[in-house]
Amino acid sequence: MAWAKFSKSMQQKTDTDGSHPLGLGLLISKSIIEAHEGKMWAENNLEGRGATFYFTLPLKKIDV
């Protein structure tokens, strides 16, 4: 849902050199993290510019 909106907005943005960035890095990262039962989210920075992205992955104990 939110990631679909992010993806669509990234496709509409123009980079400083006039190119159109794909914005795939975060989508790929999110897919990998969720495949490992983790979570990924973003929070706006307090300064008002940009965002900080976080992720968690569960620990798995290995019996030896």
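Okay, so let's go over this structure. No experiment lies behind these values; they were computed from the predicted model shown.

Here is what the cut-offs are and how they apply
- Residues numbered from 1 in each chain as written.
- Predicted model: local features only at pLDDT ≥ 70, side-chain atom pairs only at ≥ 80, totals over all residues.
- Heavy atoms only, no water.
- Phe/Tyr/Trp six-rings, centres within 6.5 Å; stacked < 30°, edge-to-face > 60°.
- Helix = DSSP H or I, 4+ residues; strand = E, 2+ residues; numbered from the N terminus.
- Buried < 20%, exposed > 50% of the residue type's maximum accessible area, 1.4 Å probe, protein only.
- Pairing = 2+ DSSP bridges.
- Patch = residues over 30% accessible without salt bridge, like charges linked within 9 Å, V, L, I, M, F, W, Y side chains within 5 Å.
- Areas by Shrake-Rupley, 256 points an atom, 1.4 Å probe, with all protein chains shown as cover.
- Salt bridge = Lys/Arg side-chain N within 4 Å of Asp/Glu carboxyl O.
- Expected span 1.5 Å × (residues − 1).
- Arc of directions from axis to C-beta.

### Digging into the packing of aromatic side chains
Thinking step 1. Tallied over the entire structure, the rule returns 1 aromatic pair.
Thinking step 2. Each ring, one from Trp 41 and one from Tyr 54, has its centre 5.7 Å from the other, and the planes form 20°; the classification is stacked. Placement of Trp 41 in strand β1 (residues 39–44) and of Tyr 54 in strand β2 (residues 51–56) is noted, with a sequence separation of 13 residues between them.
Thinking step 3. Residue classification places Trp 41 among the partly exposed residues on the basis of a relative accessible area of 34%.

### Some details on the pairing of β2
Thinking step 1. As defined by bridge partners, β1 adjoins β2 across 6 bridges and the pair is classed as antiparallel. Paired with Glu 43 across the two strands is Thr 52, which belongs to β2.

### Details of a nonpolar patch on the surface
Thinking step 1. A grouping of Leu 24, Ile 28 and Ile 32 is seen on the molecular surface, where their side chains present a nonpolar patch of about 280 Å² in accessible area.
Thinking step 2. Relative to the assigned elements, Leu 24 resides in helix α2 (residues 24–35).
Thinking step 3. A relative accessible area of 43% means that Leu 24 is categorised as partly exposed.

### Things to note about unusual backbone geometry
Thinking step 1. Unusually for a residue other than glycine, Glu 37 sits at a positive phi of about 65°.
Thinking step 2. Within the secondary structure, Glu 37 sits in the loop between α2 and β1.

### Some thoughts on α2
Thinking step 1. If you check α2, its first and last C-alpha atoms are 16 Å apart, about what 12 residues at 1.5 Å a residue would give, namely 16 Å.
Thinking step 2. Those residues of α2 lying buried are Leu 27, Lys 30 and Ile 33. Down the axis of α2, the buried set is contained in an arc of 130°. They therefore lie on one face.
Thinking step 3. Positive backbone phi, approximately 65°, marks Glu 37, located one or two places after α2.

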